[in-house]
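Chains, contacts and geometry: an overview
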Amino acid sequence: MDSFGNVFALVAILALLNERLIEHLLTPLPFLKPYMLYTGMASGILLAVMTGVDVVSPTFENFGQPLPPSAVARFLTGVLIGGGSQFLHDVWGKVTKKV
């Protein structure tokens, strides 16, 4: 199993990639600006499902909690990816503050 740090780094890279792609594709089209958040979330979930990345299960495992179903874990990872790099940075700050 991959270590949490490696998985989190992959999620951070995917989040940054997703954020930049959405910005560059949708910014020139001002009428799509209200849908950028939803497009980012959808593409983040799609990236997580297609790559099979899962940052939720290692987190649950580290805290000794039962693992969620794979589809739920990938969906939640996709939400993290879709939130963009700033959202991921905020989540990381809260997780490391409590540990």
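The preceding data block contains the structure.
Residues numbered from 1 in each chain as written. Predicted model: local features only at pLDDT ≥ 70, side-chain atom pairs only at ≥ 80, totals over all residues. Heavy atoms only, no water.

1. A short note on the overall build of the protein chain
When helices and strands are counted, the protein chain shows five helices and zero strands. For the protein chain, the N- to C-terminal ordering of α and β elements is α-α-α-α-α. When burial is assessed residue by residue, the protein chain has 27% of its 99 residues classed as buried. The long-range share in the protein chain, meaning contacts at least 24 apart out of those at least 6 apart in sequence, stands at 66%. With an accessible surface of roughly 6,500 Å², the protein chain has 70% of that area assigned to carbon and sulfur atoms. (Helix = DSSP H or I, 4+ residues; strand = E, 2+ residues; numbered from the N terminus. Buried < 20%, exposed > 50% of the residue type's maximum accessible area, 1.4 Å probe, protein only. Contact = heavy atoms within 4.5 Å. Areas by Shrake-Rupley, 256 points an atom, 1.4 Å probe, with all protein chains shown as cover.)

2. So, a nonpolar patch on the surface
A surface patch of nonpolar side chains, amounting to about 290 Å² of accessible area, comprises Leu-17, Leu-21 and Leu-25. Among the structural elements, Leu-25 can be located in helix α1 (residues 4-26). (Patch = residues over 30% accessible without salt bridge, like charges linked within 9 Å, V, L, I, M, F, W, Y side chains within 5 Å. Salt bridge = Lys/Arg side-chain N within 4 Å of Asp/Glu carboxyl O.)

3. Brief notes about the layout of surface pockets
Of the pockets and cavities examined, the second largest pocket occupies roughly 220 Å³. Glu-19, Met-36, Gly-82, Gly-83 and Gly-84 are the residues nearest the centre of the second largest pocket, which is lined by 15 residues in total. At the level of secondary structure, the elements contributing two or more residues to the lining of the second largest pocket comprise α1, α2 (36-51), α4 (70-82) and α5 (84-98). If you tally residues by element for the lining of the second largest pocket, the top one is α1, at five residues. Residue composition of the lining of the second largest pocket, by class: seven nonpolar, six polar and two charged. (1 Å grid on protein atoms, 1.4 Å probe; cavity = no way out; pocket = protein on both sides within 12 Å on 5 of 7 lines; lining within 4 Å. Points joined across faces, edges and corners; volume = space filled by probe spheres on them. Nonpolar A, V, L, I, M, F, W, Y, C, P; charged D, E, K, R; others polar.)

4. Focus on the nonpolar core
Formed by Val-7, Phe-8, Val-11, Leu-14, Ala-48, Val-53, Val-55, Val-56, Ala-73, Leu-80 and Ile-81, the largest nonpolar core amounts to 11 residues. Sorting the residues of this core by element identifies α1 and α4 as the ones contributing at least two each. If you tally residues by element for this core, the top one is α1, at four residues. Not counting the four nearest positions on each side in its chain, Leu-14 is found in contact with Leu-47, Thr-51, Val-53 and Ile-81. (Core = buried A, V, L, I, M, F, W, Y, C linked by side-chain atoms within 4.5 Å.)

5. Quick word on the environment of Arg-20
With respect to the helices and strands, the residue Arg-20 is situated in helix α1. Linking Arg-20 and Gly-40, residues 20 residues apart in sequence, is a C-alpha distance of 9.8 Å.

6. Description of the packing of α2 against α4
α4 packs onto α2 with a crossing angle of 130 degrees between their chain directions and a minimal axis gap of 7 Å. Between α2 and α4, the interaxial angle falls into the category oblique. The two elements α2 and α4 cross, and the hand of that crossing is right-handed. Residues Gly-40, Met-41, Gly-44, Ile-45, Leu-47, Ala-48 and Val-49 of α2 lie in contact with α4, whose contacting residues are Arg-74, Phe-75, Thr-77, Gly-78, Val-79, Ile-81 and Gly-82. (Axes fitted to C-alpha atoms, helices over the stretch in contact; angles between N-to-C directions. Parallel < 35°, antiparallel > 145°, perpendicular 65-115°, else oblique. Left-handed = near helix turned anticlockwise from the far one by under 90°.)

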